[in-house]
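Inside the fold
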Amino acid sequence: MEVVDLNESSSSPTSDLAVLVRNRFTSVKNLRLIQEQKWIKSKMQFDGLDFSVSDEDSNRSGIFLNFTQMKCMSAYSQIMTTMMGPNGYPWSIKPTPEPTLISLGITDMEEAERNNNIPAEIKEPIVRANIACDNMRVRIADDLTETNWEEKFSRAMLDLVVTGTTIIKGPFAASSNKAKWNRTESPDNGIGGKFSYTPEEDLRADLEVVSPYEFYPDPAAFDIKDAMWAIHRHVLNKAQLLDLAKQDGFDEEEINNVVIAHPNGNWHAEPWESRVYSLNKNQSHFTKFERYVALEHWGWLSAEQLQKAGYPIESDSSKPQQFMCCVWAVDNFCIKIAVSSLENPTLPFMVCPYEKILYSIWGRSLPEKMSDPQDIVNAAARAMVDNMGIAAGPQVVYDSSRMVNGFKMEGLKPWGVWSVKTMEGMNQPPVQFIQTPSILGELKLLQDNFKLFIQEVTSMPDMTQGFAGTASGQHNRTASGMSMLFNAANSYIKGIIFNIDNNITKPMIRRIYDWNMQFSNNDSIKGDFTIRSGGVEELVTSESRLANMQELSQIMMDPDYKPYINKEAILKEWVRLHGFNGSDIINSDDEAKRIMQAQAEQEAQKQQQSAPKVRAETPRPDALLQVLGNTEPTSPAYPAIYELVMMSQDAMTPAMSDAIEHMKEKGVTDALTDLHSRSSSNVTQNPEDRMAMGNEMNKNSNEIIQPQIDAAQQMLPQSPNVPEGMPQMPMGEMPSAPQEQSSEPVDYI
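In this text the structure is predicted, and so the values were computed from the model without any measurement.

Let us look at the sheet that holds strand β2 (residues 165-175). Backbone-to-backbone hydrogen bonds pair the strands of a sheet. The strands run either parallel or antiparallel. Read from one edge of the open sheet, three strands run β5-β2-β11, paired in antiparallel fashion. Looking at the sheet topology across the chains shown, the edges are occupied by β5 (203-210) and β11 (349-353). Pairs of neighbouring strands in the sheet enclose a mean axial angle of 25°, with direction left out of account. Of the strand pairs in this sheet, β2 and β5 are connected by seven bridges, and their pairing is antiparallel. In the strand pairing of β5, K169 is matched with E208. Running over the sheet, helix α7 (residues 149-163) touches β2, β5 and β11 and is turned about 160° from β2. The sheet strands contacting helix α16 (residues 491-519) are β2, β5 and β11, and the helix crosses β11 at an angle near 165°.

Take a look at the structure:
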């Protein structure tokens, strides 16, 4: 490896710095060859490729049972479901609590804003901080949306699962993707004209996903925070290289020198690149002309190194100083040299492992964890296929000396003829068939055992893929058992989400927040805020709340607790925990009140329309009593209704009948007085005289009273439905029953 002393003179001002970058790149490339082999093997397992078995060997099976891809996609799906749920990417930002509020026992600024006991002079800055925090939250969410963070994150998670490591670079200032059509020339009538498609001048904090194959960190660092430098390798075509001259900070003259010195490019395949090309069955990499390898170097450089490369920088020569710099090197040319302008400069790389390896910047991938059981499952499957093929037919042994001359063995076929010289003196037949034993049972047992072993080494049971299993002892027969299995299946993925929260979410949101605080012109978003990641918190909280929702629903059934429980809030929480968008499903409070009012009005109208039906279902005696109570005693219909009431109550006697008939004839007022004076004599009168008197009275008053009876019956409800087989009783009629004559005088009024 060539080592360049930067103190020596160089023909080009930037050559020494470019050689330094190349030397660092070469040192890392040689030291990470073993790691690259792990990545290649993981990719082969994920793709279902195994070059240990040659396709030309027709006597052996090359079957590959790709359990690796199933497990990887299951882990990928769980991560994406958790991190990209209905509420979006899980992160939050809140104002830092004031010391005065902490002394009062209040740690949440939003709660403090709703607290009416806080003095106004303390509450006013709290309200301003909450407004600024809301504006900053909207700005960061808008930055992530405009820079297509969800799409980049999905690609990063696939790298994380398959290679064991993912790298995010940023944030950087990038133009917004927004653009609109603007009118450049207006016609006289205001219609038509010329338009131009111009992007909006709005800088955003952008992020970039870096492939682990293209990332070359400081080999002496166990963590990216401890690294002095890191290199991002770019492969650019000639057009992309020339376009860099249009961006700020790039040296157009040096870029032109690169193109002149290497008109066909300076790219050559790295060892991992050749393997990836062969695995993907692409064309030979030697056809990749006009490609350039640009090394983007981020790291600490001294003022002397920068000044020697021709970069103007002011420094105190009395003490050593280090500057965080970005250097783009193509061969011996530095096409960009820039010093970080951040207030707190660090390496702009975030490295997240799938499973942390002690004292290593790289992580352990899922295919690497299940490599051995995957190989054994494949070996067992191949042995099963080979054994089935061999045991399907017998092995043939024949004595060629006892066969006729010219006999040629061409295999077994129906109606085969075997020509032998003679059968005399033969103790054994000239042709023997030997059957190969089948050991499929033993091989199947071996395969099943190592399929279970895959679940153990990956800590991902088949429940994560929807397979409940049929083995004894599995709790998949009840709802509670299934819930227990699902919770256990999610226990390992929580560790992966924890790594993502600590290594990507928190530092990424913190850096975007710092970037906006330093470079944004909008002062309404600035303030002292605290960053929180919500991946694991979201997962754990959802599980615990779903488990407690069942208990809460049982408490709601208690009438003593109903007045204290907000049903609407519980409904919204239930919808949110089950992954639905509450704004699309649940109506607003005003809309709910409007619907409830409309339902109440409809119910009232329905009751009014069904009121007669309700009276029809009322028992006849009760209905008659209601009509009698609503009728004035002076009404001509009162005696007829009174008669119907007494008959329905089965209390009619001859004396009562005489009294009612007298009331019909004389009128209510006169009848009451006359009936009281005649009560004693009427009781002692014999039945024949009373009957004759009643008939005479009915005959005289029939023409006057009958219309009144008809009017009273119209006021009564219709007779209720009578079951089939029961007699229908006409209105106003009651079956006759023998009445005992009382010898005692009775006053019925």
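Don't stop here, the text continues.
Among the residues of helix α10 (residues 271-279), those classed as buried are W272, E273, V276 and L279. Looking down the long axis of α10, one finds its buried residues gathered within 130° of arc, a one-sided arrangement. Looking one or two residues past α10, K281 carries a phi angle of roughly 55°, positive in sign.

Backbone torsion omega between G170 and P171 reads 0°, so that peptide bond is classified as cis. Mapped onto the fold, P171 is located in strand β2. Even without glycine at this site, D331 takes up a positive phi of about 60°. Residue position: D331 is located in the loop between β9 (322-330) and β10 (333-339).

Our next topic: the nonpolar core. Formed by 58 residues in total, the largest nonpolar core has its most connected members in L17, F215, I224, L241, L244, I335 and F349. If we skip the residues at most four places from it in the chain, L241 touches L236, I255, V258, V259, Y292 and I335. Membership of the second largest hydrophobic core comes to 46 residues, among which are M83, V162, A205 and I497.

Counted under the stated rule, the structure contains 22 salt bridges. Of the charged contacts, one joins E208 and K169 as a salt bridge, the two residues approaching to 3.2 Å between their closest N and O atoms. Note that E208 is positioned in strand β5 and K169 in strand β2, a separation of 39 residues in sequence. When the shortest N-O distance is used, the salt bridge between D243 and K246 registers 3.7 Å. For K246, a relative accessible area of 70% puts it in the exposed group. One continuous salt-bridge network, built from bridges that share partners, spans R139, D142, D143 and R204.

This part covers the confidence of the model for the chain. Summing up the model confidence of the chain, the mean pLDDT is 78 and the portion of residues at 70 or higher is 73%. Overall, residues 1-10 carries pLDDT values under 50, and its contacts beyond four positions in sequence, including any with other chains, amount to 20 contacts. Low pLDDT, under 50, characterises residues 715-749; the stretch is placed with 43 contacts to residues that sit more than four places away or in other chains.

The subject of this paragraph is the packing of aromatic side chains. Applying the stated criterion to the full structure yields 15 aromatic pairs. Between F222 and Y359 the ring centres are 5.7 Å apart and the planes differ by 65°, which places this aromatic pair in the edge-to-face class. In this pair, F222 is assigned in the loop between β6 (215-217) and β7 (229-237) and Y359 in the loop between β11 and α12 (366-369), connecting sequence segments 137 residues apart. By relative accessible area, which is 46% here, F222 ends up partly exposed. You can call Y359 exposed: its relative accessible area is 65%. These aromatic residues form a ring-pair network of at least three members: W39, Y213, F215, W272, F349 and W362.

How each quantity is defined
Residues numbered from 1 in each chain as written. Predicted model: local features only at pLDDT ≥ 70, side-chain atom pairs only at ≥ 80, totals over all residues. Heavy atoms only, no water. Pairing = 2+ DSSP bridges. Helix = DSSP H or I, 4+ residues; strand = E, 2+ residues; numbered from the N terminus. Axes fitted to C-alpha atoms, helices over the stretch in contact; angles between N-to-C directions. Contact = heavy atoms within 4.5 Å. Buried < 20%, exposed > 50% of the residue type's maximum accessible area, 1.4 Å probe, protein only. Arc of directions from axis to C-beta. Core = buried A, V, L, I, M, F, W, Y, C linked by side-chain atoms within 4.5 Å. Salt bridge = Lys/Arg side-chain N within 4 Å of Asp/Glu carboxyl O. pLDDT = per-residue confidence, 0-100. Phe/Tyr/Trp six-rings, centres within 6.5 Å; stacked < 30°, edge-to-face > 60°.

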